[in-house]
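For reference, the chains in residue letters:
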Amino acid sequence: MNIEDVRNGEWVEYHKHPVEVLSVDRQHNIVTIYDARSQCKVKVHIDELKDDPQCHCDSYLYF
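Presented here is an overview of the structure given in this document. Computed from a prediction, not measured in an experiment: that's the story for all the values here.

## Points about the sheet that holds strand E2 (residues 17-25)
Reasoning step 1: Across the sheet, five strands lie side by side as E4-E3-E2-E1-E5; this open sheet has antiparallel pairing. Edge strands, defined here as strands with exactly one partner in the open sheet, are strand E4 (40-45) and strand E5 (49-50).
Reasoning step 2: Pairing of strand E3 (residues 30-35) with E4 involves six bridges; the strand directions are antiparallel. Within E4, the residue paired with threonine 32 across the bridge is lysine 43.

In structure tokens:
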């Protein structure tokens, strides 16, 4: 993914499940995400995230 394309509130894929983007640090290419599966906030490098059209903005589950 390109760090410039990531927005707060967006859902992206992380370790094969959807997570919500909480904040984006474009200077360091770090994204803070909320992982509903583990119920925690995690800071990850942008290279660990994947844009996935199956991620829905109103659910942390795939349909």
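What follows continues from the structure just given.
## A look at the pairing of strand E1 (residues 11-14)
Reasoning step 1: Residues Trp11 and Glu13 point to one face of E1 and Val12 and Tyr14 to the other, with burial holding for every one of them.
Reasoning step 2: Direction of pairing for E1 relative to E2: antiparallel, over a ladder of four bridges. Note that in E2 the partner of glutamate 13 across the bridge is proline 18.
Reasoning step 3: The hairpin turn running from E1 into E2, its antiparallel successor, is two residues long, and histidine 15 in that turn takes a positive phi close to 50 degrees.
Reasoning step 4: Bridge count between E1 and E5: two bridges; the pairing is antiparallel. Bridge pairing in E5 places glutamate 13 opposite lysine 50.

## Overview of the nonpolar core
Reasoning step 1: Within the largest apolar cluster, twelve residues are counted, these being Ile3, Val6, Val12, Tyr14, Val19, Val21, Val24, Val31, Ile33, Val44, Ile46 and Leu49.
Reasoning step 2: Every element with two or more residues in this core is listed here: E1, E2 and E3.
Reasoning step 3: Discounting chain neighbours no more than four positions away, the residues touching isoleucine 46 are Met1, Asn2, Ile3, Val6, Asn29 and Val31.

## Structural notes on the environment of tryptophan 11
Reasoning step 1: Looking at where tryptophan 11 falls in the secondary structure, it is placed in strand E1.
Reasoning step 2: Looking at tryptophan 11, the relative accessible area reads 13%, which means it is buried.
Reasoning step 3: Expressed as a C-alpha distance, the spacing of tryptophan 11 and aspartate 52, which sit 41 residues apart in the sequence, is 8.3 Å.

Thresholds, definitions, all that
- Residues numbered from 1 in each chain as written.
- Predicted model: local features only at pLDDT ≥ 70, side-chain atom pairs only at ≥ 80, totals over all residues.
- Heavy atoms only, no water.
- Pairing = 2+ DSSP bridges.
- Helix = DSSP H or I, 4+ residues; strand = E, 2+ residues; numbered from the N terminus.
- Buried < 20%, exposed > 50% of the residue type's maximum accessible area, 1.4 Å probe, protein only.
- Core = buried A, V, L, I, M, F, W, Y, C linked by side-chain atoms within 4.5 Å.
- Contact = heavy atoms within 4.5 Å.

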